[in-house]
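Spelled out, the chains give:
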Amino acid sequence: MDAREVILDKYSGRVFKNRKDHIVELDEAGVPKEIAANSRSVPGMMINRGCCYAGCKGVVLGPLRDTVVITHGPIGCGYYTWGTRRNKADSPDGRNFVQYCFSTDMQETDIVFGGMKKLRQAIREAVEIFHPKAVMICSTCPIGLIGDDINAVATESEKLYGITCVAYSCEGYKGVSQSAGHHIANNGLMRRVIGSAKDKIPERGLRINILGEYNIGGDGWEEERILKKIGYEIVAVFTGDGSYEALTHAHTADLNLVQCHRSINYIAEMMKTKYNIDWLKVNFVGIDETIRTLREIADYFGNEEIKQRTEEVIAEELADIAEDRKFYRQKLEGKTAGVFVGGSRSHHYQNVLKDFGMKTVIAGYEFAHRDDYEGREVIPNIKLDADSKNIEQLTVHPDEQFYHVALDKERFDELRKENVELEYYKGMFKDMGDGTIVVDDFNHYETEKVLDIFKPDIFYSGIKDKYMIEKKGFPSNQLHSYDYSGPYAGFKGAIVFARNTYLSIYAPAWKMLTPPWRTQPTLEGTMGDENY
Ligand code: CFM
Ligand code: HCA
C-alpha cells in the first residue's frame, strides 16, 4: 500500500469516497494533479477549519485598527475571536481598537424578539466612547436565522453619526470554511471603502499596497521596513495594522502586492478591473523568496535607481544575518517537515525551510481552493457547488474617474514570460514532488497517519492539533500564531523562524519522552471472539 492508501484504509465506504480526492501524492515536481478542495467537511471529523464569520471578522476586517468591528450575536463568537489571532497594530493617532472585543451579547429574549435594538445601542455606545473612523457589523449564525435587518441599521447609523457603517452577513454557516468570509469581507470593502476618498491619482510613481498581509507577529512591519528602506511608498496594507482611512485611498496605488492569495485575490482582481492596478503575487517568507520578490517589484517598475537600491538593501540585510544563517543551516540541513496551515502558509513556509536545507514531505491546507494548489490556470475548470454559489460574486466596472495607466502590454507580457507572477499565482504543487503528500482539509486522524508514515523531524500546524502532535512525540510549532514569537517574514524574520525550529527539534525533552501508549495499551478488551 502506498501512503495515500494507508491513510484511507480504515475509512468506511462513504468516508473513503469523500476523502480519497482530498489526498494526493506528488511524484514529480510540476506534475499536474487535481485535488478536491473548498467543499464540505465530513460531519464528525476533527478538522482545523474555522467558520465564515471567522474569515470575515477575525481575518480580514478585525485587523483594521481605526474601525470598530461589532460582532452581532451571542457573546461566545466574539469572545473566541478576541485577541487569539496575533494581528499586531500600533496607534499613531490613538485609534487602535484591535485589543477590544465589541459584541451585542444577544440573549435568549433578543433571539425571540429580535436584536436590532441592541445593535443600534451597541453602535451608539461604540461611536460615543471610541470615535472610530468606521463601524463594521459582523453577523453570527443566529442573526441570519432570526432575520435582523443589519443593513437597515447600518444605513440608519451612517445618517445618525456621519461615519461609514457596513453590515456583513457573514453568519458562520454561510460557507464551508473561513474562506467564504474572506470573500464576503472583500466584497464589502470593495463596495464601500476602497476608493471612497475621492483623491486624484498622482503621477505614476512607486506607490504600493500590500494585500493579504495581516501583520501576524509583526510580519507586515518587517516587510514595510524593507520596502521603505528601498524607497517605496506604502499606500495601504490589507489589513494588518491597516486602517479604514488608508483603504479609502488604496485606489491611488501603482501596484498591488499579494502576499496571501487565498484571502484577498478577489480584491486584487476587482481593483485591476476597476482601477487598472496590476497585482503581483509576492512572498516575503524565506530569504531567497524575499530576494526574488524584491527584484521582481523593482523589475516591474523598471526604475534603475530602485533596482540598484534593491541590490544594496539585499546585500545589507544578508550581511546582517550571515552568521545566524550559517549556524542554523548547519543545524537544520537534511531535516524533514510537515506543514498544515490555512490557505497560503503551507506553500510559503516550504521556502524558508528550503533556505535552511529542510525538506517538506507533507503539506496541507484547511480551506484553500484548487487554484492555491494547482495554479490559477485551473480557475475556469473549477465547478462551483451550491455552497460557493451562495457567496455573492461582485461585478465591478472600469471607474470613469480613477482608472489609470499601469504597465504597457508589451512589458507586461515580457515579465510574464520571465515567470513573474503578474495577475497569476502558480500554486503550491509546482514547488513540490518526489513522493511528497498533500492533504486538503486534513483531520486529526489523517495527521496521526502521516506522522506515522513520514516521521518528520517537526510538524508545523495550529493550536487545534499542536498538542495532539506533541503527545505523539513530534515537536510541533504553530504557523498561525508563531507560538507568540515573530516576526517570521523577511530576512530577519527567517532567522527568528529558524531559531524557533532549532529550539524545538533540539529540545532534550523529545529524547526523554516515551508516550504511555508506546509501552502499554490505553484500551484492552474483547469483542466477539477476537482479542483487541
Ligand atoms: Fe491567508 Fe492568513 Fe493563511 Fe488566512 Fe487564517 Fe492566518 Fe492561516 Mo490562521 S489570511 S489563508 S484565514 S495567510 S488566520 S494570517 S494563519 S489560517 S494560512
Ligand atoms: C481562524 C484563526 C486562526 C486559528 C489558528 C489555529 C489563526 O482560523 O479563525 O487554529 O491555531 O491564525 O489565528 O487560523
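Reference entry: report on the structure contained in this document. Note that this is a predicted model, so its numbers are computed, not measured. (Residues numbered from 1 in each chain as written. Chains lettered and ligands numbered in written order. Predicted model: local features only at pLDDT ≥ 70, side-chain atom pairs only at ≥ 80, totals over all residues. Heavy atoms only, no water.)

Our next topic: the overall build of the protein chain. Of regular secondary structure, the protein chain possesses 23 helices and 16 strands. The C-alpha radius of gyration of the protein chain comes to 24 Å, within 12% of the 24 Å expected for a compact globule of 532 residues. Evaluated residue by residue, the protein chain yields a buried proportion of 56% over its 532 residues. The long-range share in the protein chain, meaning contacts at least 24 apart out of those at least 6 apart in sequence, stands at 76%. Carbon and sulfur atoms make up 51% of the accessible area of the protein chain, which totals about 23300 Å². Separation of charge centres in the protein chain, based on 67 positive and 80 negative side chains, amounts to 2 Å. (Helix = DSSP H or I, 4+ residues; strand = E, 2+ residues; numbered from the N terminus. Rg over C-alpha atoms; globule rule 2.2 N^0.38 Å. Buried < 20%, exposed > 50% of the residue type's maximum accessible area, 1.4 Å probe, protein only. Contact = heavy atoms within 4.5 Å. Areas by Shrake-Rupley, 256 points an atom, 1.4 Å probe, with all protein chains shown as cover. Lys, Arg positive; Asp, Glu negative; His and termini not counted. Charge placed at Lys NZ, Arg CZ, Asp CG, Glu CD.)

Taken together, A54, R85, Q178, G462, I463, K464 and H480 make up the full set of residues near ligand 2. A distance of 2.8 Å separates an oxygen atom of ligand 2 from a polar side-chain atom of Q178. Backbone polar atom of I463 to an oxygen atom of ligand 2: 2.7 Å apart, as the coordinates give it. When isolated, ligand 2 has an accessible area of 360 Å², and the protein chains bury 80% of it. Partitioned by chemical class, the residues of the shell around ligand 2 number 2 nonpolar, 3 polar and 2 charged. (Near = heavy atom within 4 Å. Polar contact = N/O pair within 3.5 Å; in protein donor to acceptor, adjacent residues only side chain to side chain. Nonpolar A, V, L, I, M, F, W, Y, C, P; charged D, E, K, R; others polar.)

On inspection of all chains with the given rule, the structure shows 22 aromatic pairs. Both rings, one in Y11 and one in Y445, keep their centres 5.6 Å apart while their planes meet at 55°; by these two values the pair is tilted. With Y11 in the loop between helix 1 (3-8) and helix 2 (13-19) and Y445 in helix 19 (residues 444-454), this residue pair connects regions lying 434 residues apart in the sequence. Taking relative accessible area as the criterion, Y11 reaches 14% and is therefore assigned buried. (Phe/Tyr/Trp six-rings, centres within 6.5 Å; stacked < 30°, edge-to-face > 60°.)

Let us now look at the pairing of strand 6 (residues 207-213). Burial analysis of strand 6 places 7 of its 7 residues in the buried class, the great majority of the element. One ladder, built from 6 bridges, connects strand 6 with strand 7 (residues 233-239); its direction is parallel. The residue bridging R207 from the neighbouring strand is E233, located in strand 7. Between the parallel elements strand 6 and strand 7, the chain passes through helix 10 (residues 219-230) in a crossover that is right-handed. In the sheet, strand 6 pairs with strand 8 (residues 255-258) via 4 bridges, with the strands oriented parallel. Among the inter-strand pairings, L211 is bridged to a residue of strand 8, identified as V258. (Pairing = 2+ DSSP bridges. Right-handed = clockwise from strand over helix to strand, strands pointing away.)

Turning our eyes to something else, we now look at the pattern of salt bridges. Inspection of the entire model under this criterion finds 43 salt bridges. Across the salt bridge formed by E311 and R295, the nearest N and O atoms sit 2.8 Å from each other. Separated by 16 residues along the polypeptide, E311 in helix 14 (residues 304-332) and R295 in helix 13 (residues 287-301) bring together distant segments of the chain. Residue class for E311 comes out partly exposed when judged on its relative accessible area of 35%. Across the salt bridge formed by K492 and E317, the nearest N and O atoms sit 3.3 Å from each other. With K492 in helix 21 (residues 490-505) and E317 in helix 14, this pair connects stretches of sequence that are 175 residues apart. Classification of K492 by relative accessible area gives partly exposed; the value is 32%. Within this structure, E222, R225, K229, E316, E317, D320 and K492 form a network of salt bridges that share partners. (Salt bridge = Lys/Arg side-chain N within 4 Å of Asp/Glu carboxyl O.)

In this section: the site of ligand 1. Neighbouring residues of ligand 1: 15 residues in total, closest R85, H182, C260, S344 and H480. When the residues that make up the shell around ligand 1 are grouped by side-chain class, the tally is 6 nonpolar, 7 polar and 2 charged.

To continue, consider the sheet that holds strand 7. Across the sheet, 4 strands lie side by side as 7-6-8-9; this open sheet has parallel pairing. On the outer flanks of this sheet lie strand 7 and strand 9 (278-281), each paired with one strand and no other. Strand after strand, the sheet turns through a mean of 25° between neighbouring axes, direction not considered. Contacts between helix 12 (residues 261-275) and the sheet are confined to strand 6, strand 7, strand 8 and strand 9, with strand 6 contributing the most and set at about 145° to the helix. (Axes fitted to C-alpha atoms, helices over the stretch in contact; angles between N-to-C directions.)

A surface patch of nonpolar side chains, amounting to about 500 Å² of accessible area, comprises I75, Y79, Y80 and W82. Its place among the elements puts Y80 in the loop between helix 4 (75-79) and strand 3 (102-103). (Patch = residues over 30% accessible without salt bridge, like charges linked within 9 Å, V, L, I, M, F, W, Y side chains within 5 Å.)

Turning to its location among the elements, R262 is positioned in helix 12. Note: C-alpha distance between R262 and V378 (116 residues apart in sequence) is 14 Å.

Of the consecutive residues F238 and T239, the connecting peptide bond is found in the cis state with omega at -10°. Secondary-structure assignment places T239 in strand 7. In this model, G486 is joined to P487 through a cis peptide bond whose omega is -5°. Mapping P487 onto the fold places it in the loop between strand 14 (476-478) and helix 21.

As a further point, take the nonpolar core. A general feature of soluble globular proteins is that nonpolar side chains tend to end up buried together. Grouped together as the largest cluster of nonpolar side chains are 99 residues, with contacts concentrated most on M136, Y168, L189, L227 and L257. Contacts of L257, omitting those with residues within four sequence positions, involve I208, N209, I210, L211, L227, L280, V282, F284 and I297. (Core = buried A, V, L, I, M, F, W, Y, C linked by side-chain atoms within 4.5 Å.)

Before going further, it helps to examine the environment of I208. Mapped onto the fold, I208 is located in strand 6. I208 has contacts with L227, Y232, E233, I234, V235, A236, A253, L255, L257 and F301, leaving out every residue within four places of it along the chain.

Note on helix geometry: an α-helix contains 3.6 residues per turn, so any two residues three or four positions apart are oriented the same way. Taking 1.5 Å of rise per residue, the 12 residues of helix 8 (residues 150-161) would be expected to cover 16 Å, and the 16 Å separating its terminal C-alpha atoms lies within 8% of that figure. Along helix 8, the positions that sit buried rather than exposed are I150, V153, A154 and S157. Each buried residue of helix 8 lies within a common arc of 100° when the element is viewed along its axis, so the set occupies one face. In this structure, the buried side of helix 8 is in contact with strand 2 (67-72), helix 6 (116-130), strand 4 (134-139), helix 7 (141-146) and strand 5 (164-168). G162 sits one or two residues past helix 8 and shows a positive phi near 70°. (Expected span 1.5 Å × (residues − 1). Arc of directions from axis to C-beta.)

Now for helix 21. If you check helix 21, its first and last C-alpha atoms are 22 Å apart, about what 16 residues at 1.5 Å a residue would give, namely 22 Å. Across the 16 residues that make up helix 21, a large majority, 12, are buried. Here helix 21 has its buried residues at G490, F491, G493, A494, I495, V496, F497, A498, N500, T501, S504 and I505.

None of this, on its own, says anything about what the molecule does.
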